[in-house]
Amino acid sequence: MSVAVRVIPCLDVDAGRVVKGVNFADLRDAGDPVEMARIYDAEGADELTFLDVTASSGERATMLDVVRRTAEQVFIPLTVGGGIRSTDDIDTLLRGGADKVSINTAAIARPELLHEASRRFGSQCIVLSVDARTVPADGRPTPSGWEVTTHGGRRGTGIDAVEWAARGQELGVGEILLNSMDADGTRAGFDLAMITAVRRAVDVPVIASGGAGAVEHFTPAVRAGADAVLAATVFHFGHFRISDVKASLRAAEVEVR
Amino acid sequence: MSRIVVLDYGSGNLRSAERALRRVGADVTVTADADAAMEADGLVVPGVGAFAACMSGLASVDGPRIIERRLAGGRPVLGICVGMQVLFDLGVEWGERTVGCGQWPGTVERLKADVLPHMGWNTVAAPSGTTLFHGLDPDTRFYFVHTFGVRRWELDPAEHLRPPLVTWANHGEDFVAAVENGALAATQFHPEKSGDAGATVLQNWLRDIVG
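## Here's the deal with the interface of chain A and chain B
- Each side of the interface is counted separately: chain A has 34 residues, and chain B has 27 residues.
- Of the roughly 2,500 Å² buried where chain A meets chain B, counting both sides, 58% is carbon and sulfur surface.
- Its largest share of buried area at the contact with chain B, chain A owes to Val3(A), Phe75(A) and Gln124(A), together 29% of the area lost on that side.
- Among the salt bridges present, the one from Arg15(B) reaches Glu72(A), with a minimum N-O distance of 3.8 Å.
- For the pair chain A and chain B, the number of links is ten residue pairs in polar contact (both at pLDDT 80 or more).
- Taken together, the elements giving at least two residues each to the side of chain A that touches chain B come down to α2 (60-73) and α3 (87-96) of chain A.
- In the side of chain A that touches chain B, the residues fall into 14 nonpolar, six polar and 14 charged.

## Quick word on empty space enclosed by the protein
Residue and element names in this part refer to chain A.
- Evaluated as defined, the whole model comprises three cavities of 30 Å³ or more.
- If you add up the space inside the largest cavity, you get close to 50 Å³.
- Lining of the largest cavity is provided by Glu47, Thr49, Thr79, Lys100, Ser102, Val127, Glu175, Leu177, Ile207 and Leu230.
- Counting only elements with at least two residues in the lining of the largest cavity, the list comes to β5 (100-103) and β9 (175-180).
- Classifying every residue of the lining of the largest cavity gives four nonpolar, three polar and three charged.

## Focus on the nonpolar core
- One finds Ile103(A), Ile126(A), Ile176(A), Phe218(A) and Phe235(A) to be the most contacted residues of the largest nonpolar core, which totals 78 residues.
- Core analysis: the second largest hydrophobic core is formed by 70 residues, Val45(B), Leu58(B), Val124(B) and Val166(B) among them.

## Section: helix α1 (residues 33-42) of chain A
All names here are of chain A.
- For α1, the tally of buried residues reaches seven of ten residues, placing the bulk of the element in the interior.
- Of the positions making up α1, those classed as buried are Pro33, Val34, Glu35, Met36, Ala37, Ile39 and Tyr40.
- Those residues of α1 that are buried are in contact with β1 (6-14), β2 (17-18), β3 (48-52), α2, α9 (233-236) and α10 (242-251).
- At the N-terminal boundary of α1, the capping side chain belongs to Asp32, with an oxygen 3.0 Å from the backbone nitrogen of Val34.
- Two residues or fewer past α1, Gly44 is found with a positive phi of approximately 105°.

## Side note on the pattern of salt bridges
Residues and elements named next belong to chain A.
- Scanning the model with the defined rule gives 28 salt bridges over all chains in all.
- Taking the shortest distance from any N to any O, the salt bridge between Arg241 and Glu43 comes out at 3.2 Å. Of this pair, Arg241 sits in the loop between α9 and α10 while Glu43 sits in the loop between α1 and β3, and the two are 198 residues apart along the sequence.
- A relative accessible area of 29% places Arg241 in the partly exposed class.
- Exposure remark for Glu43: the relative accessible area of 17% places this residue in the buried category.

## What about the layout of surface pockets?
Residues and elements named next belong to chain A.
- By volume, the largest pocket is sized at about 1,300 Å³.
- Mapped onto the lining of the largest pocket, the elements with two or more residues apiece are β1, β3, β5, α4 (105-109), β6 (126-134), β9, β11 (228-231) and α9.
- Of the residues in the lining of the largest pocket, the class split is 18 nonpolar, 19 polar and nine charged.
- In this structure, the second largest pocket encloses a volume near 810 Å³.
- Of all the elements, helix α5 (residues 112-121) adds the most residues to the lining of the second largest pocket, at four residues.
- The residue inventory of the lining of the second largest pocket, partitioned by class, reads 16 nonpolar, 13 polar and six charged.

## Considerations on the environment of Val101(A)
Residue and element names in this part refer to chain A.
- When you line up the elements, Val101 lands in strand β5.
- Looking at Val101, the relative accessible area reads 0%, which means it is buried.
- For Val101 and Leu78, which are 23 residues apart along the polypeptide, the C-alpha to C-alpha distance reads 8.5 Å.
- If we ignore the near neighbours within four places in the chain, the residues touching Val101 are Thr79, Val80, Ile84, Ile90, Leu93, Leu94, Cys125, Ile126 and Val127.

## A closer look at the sheet that holds strand β6 (residues 96-99) of chain B
Residues and elements named next belong to chain B.
- Reading across the sheet, the four strands line up as β6-β5-β7-β10 and stay open at both edges, with mixed pairing between neighbours. At either margin of the open sheet sits one strand with a lone partner, and together these are β6 and β10 (148-150). Across this sheet, the average inter-strand angle for adjacent strands is 20°, counted without regard to direction.
- Running at roughly 30° to β6, helix α3 (residues 51-60) makes contact with β5 (88-93), β6 and β7 (104-110) of the sheet.

Procedures and definitions
Residues numbered from 1 in each chain as written. Chains lettered and ligands numbered in written order. Predicted model: local features only at pLDDT ≥ 70, side-chain atom pairs only at ≥ 80, totals over all residues. Heavy atoms only, no water. Contact = heavy atoms within 4.5 Å. Buried area = accessible area lost by both parts, 1.4 Å probe. Salt bridge = Lys/Arg side-chain N within 4 Å of Asp/Glu carboxyl O. Polar contact = N/O pair within 3.5 Å; in protein donor to acceptor, adjacent residues only side chain to side chain. Helix = DSSP H or I, 4+ residues; strand = E, 2+ residues; numbered from the N terminus. Nonpolar A, V, L, I, M, F, W, Y, C, P; charged D, E, K, R; others polar. 1 Å grid on protein atoms, 1.4 Å probe; cavity = no way out; pocket = protein on both sides within 12 Å on 5 of 7 lines; lining within 4 Å. Points joined across faces, edges and corners; volume = space filled by probe spheres on them. Core = buried A, V, L, I, M, F, W, Y, C linked by side-chain atoms within 4.5 Å. Buried < 20%, exposed > 50% of the residue type's maximum accessible area, 1.4 Å probe, protein only. Pairing = 2+ DSSP bridges. Axes fitted to C-alpha atoms, helices over the stretch in contact; angles between N-to-C directions.

Shown next as structure tokens:
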């Protein structure tokens with residue numbers, strides 16, 4: 001037996017409410033992230049991820065309240081991402097009950113943040129979130145052909161995505177959340193080539209994200225080197241459930257919880 | 001109701017430990033107060049991050065002495081994650097050697113595995129007679145997150161009337177996942193983050209060790 005591949009649902013949270021909440025039969029309030037977290041926990045989620053998409057900084061405190069209430073009721077690891085700018089932001093979330101934080105834009109602006117954060121809080125709770133896409137025809141080429149983006153994939157940075165993941169590991173992060181912006185939203189399957197390339201470049205765990213559209217998509221992502229698989233839409237809209245993904249992985253002799 | 005103190009020395013997800021213990025019926029206080037830590041029915045020593053940082057944080061609240069004195073009186077202590085690691089003699093992280101509490105011989109060092117940290121849900125092999133894992137199936141999984149671990153158990157069982165019970169797990173190689181040694185118990189995994197399985201471990205500790 002070895003460590004199980006983790007299946008991680010992600011919830012987009014705006015000002016304390018789940019974005020585009022869909023009411024399942026067994027759910028009282030699909031807009032309540034705490035309620036959704038409980039449902040996912042009961043379905044066998046191995047971790048939970050909240051992505052704070054709140055635009056106004058004045059409502060940031062709302063996310064902290066969500067984290068606190070979730071940590072009171074759900075006893076599996078919780079990662080929070082979105083809008084984290086400083087080690088003080090991280091401290092606040094960890095004290096509130098988050099187990100890990102994922103950092104994206106702020107690390108691109110100032111990579112040392114990753115080093116400072118992993119030294120202060122430990123590598124195990126710092127996740128580098130990499131939103132990567134194929135460099136567009138009019139963009140500056142990168143060695144791997146993929147570049148890091150910001151603003152939900154709309155803005156290219158010219159930074160090589162694979163090199164950036166490796167740099168994150170050097171700076172001390174404990175995990176890479178690899179989100180393929182090419183695959184994101186297509187529901188056509190994970191970006192296997194990108195997972196393979198990043199897996200070769202780092203030896204911290206890699207969470208694959210972007211493109212999940214069918215239960216059959218998850219096993220290839222694991223075979224390509226993902227230690228964990230993350231999805232939002234397919235779980236959120238009830239296309240299939242976490243237990244279905246696990247059954248599919250198990251049938252392919254992938255170890256799951 | 002058992003009175004439990006979660007030692008607050010600036011490390012670990014204290015809120016999670018507090019909530020998980022409360023969930024299984026403990027009266028929990030999170031504090032660095034030495035008297036409270038000494039008098040509690042059970043003391044939980046959490047810990048995440050670097051061995052050296054945890055050891056220095058622990059020392060700043062007189063943690064090693066509190067643990068020592070509690071154990072001298074047979075009063076239960078539970079170490080979690082790095083809170084388990086610091087109970088050993090020595091931690092070696094990135095070439096830095098830090099002396100631990102020395103309750104058990106052995107060294108905490110980097111695991112030999114392809115992917116580190118060891119992050120996620122893994123099984124454990126508990127010995128017969130285990131209290132902590134009582135009632136749990138062998139395929140039960142617990143949540144681990146660590147890069148360093150105890151790769152060799154160095155206590156000679158022949159020297160002990162009741163040798164400690166050692167539970168192992170595997171990630172690249174075998175490492176110590178839990179130790180049950182009279183009043184002193186510890187887990188490398190996070191029972192407070194291991195869902196219902198973790199709750200059972202905490203409940204077993206509360207009921208059968210703290211009493």
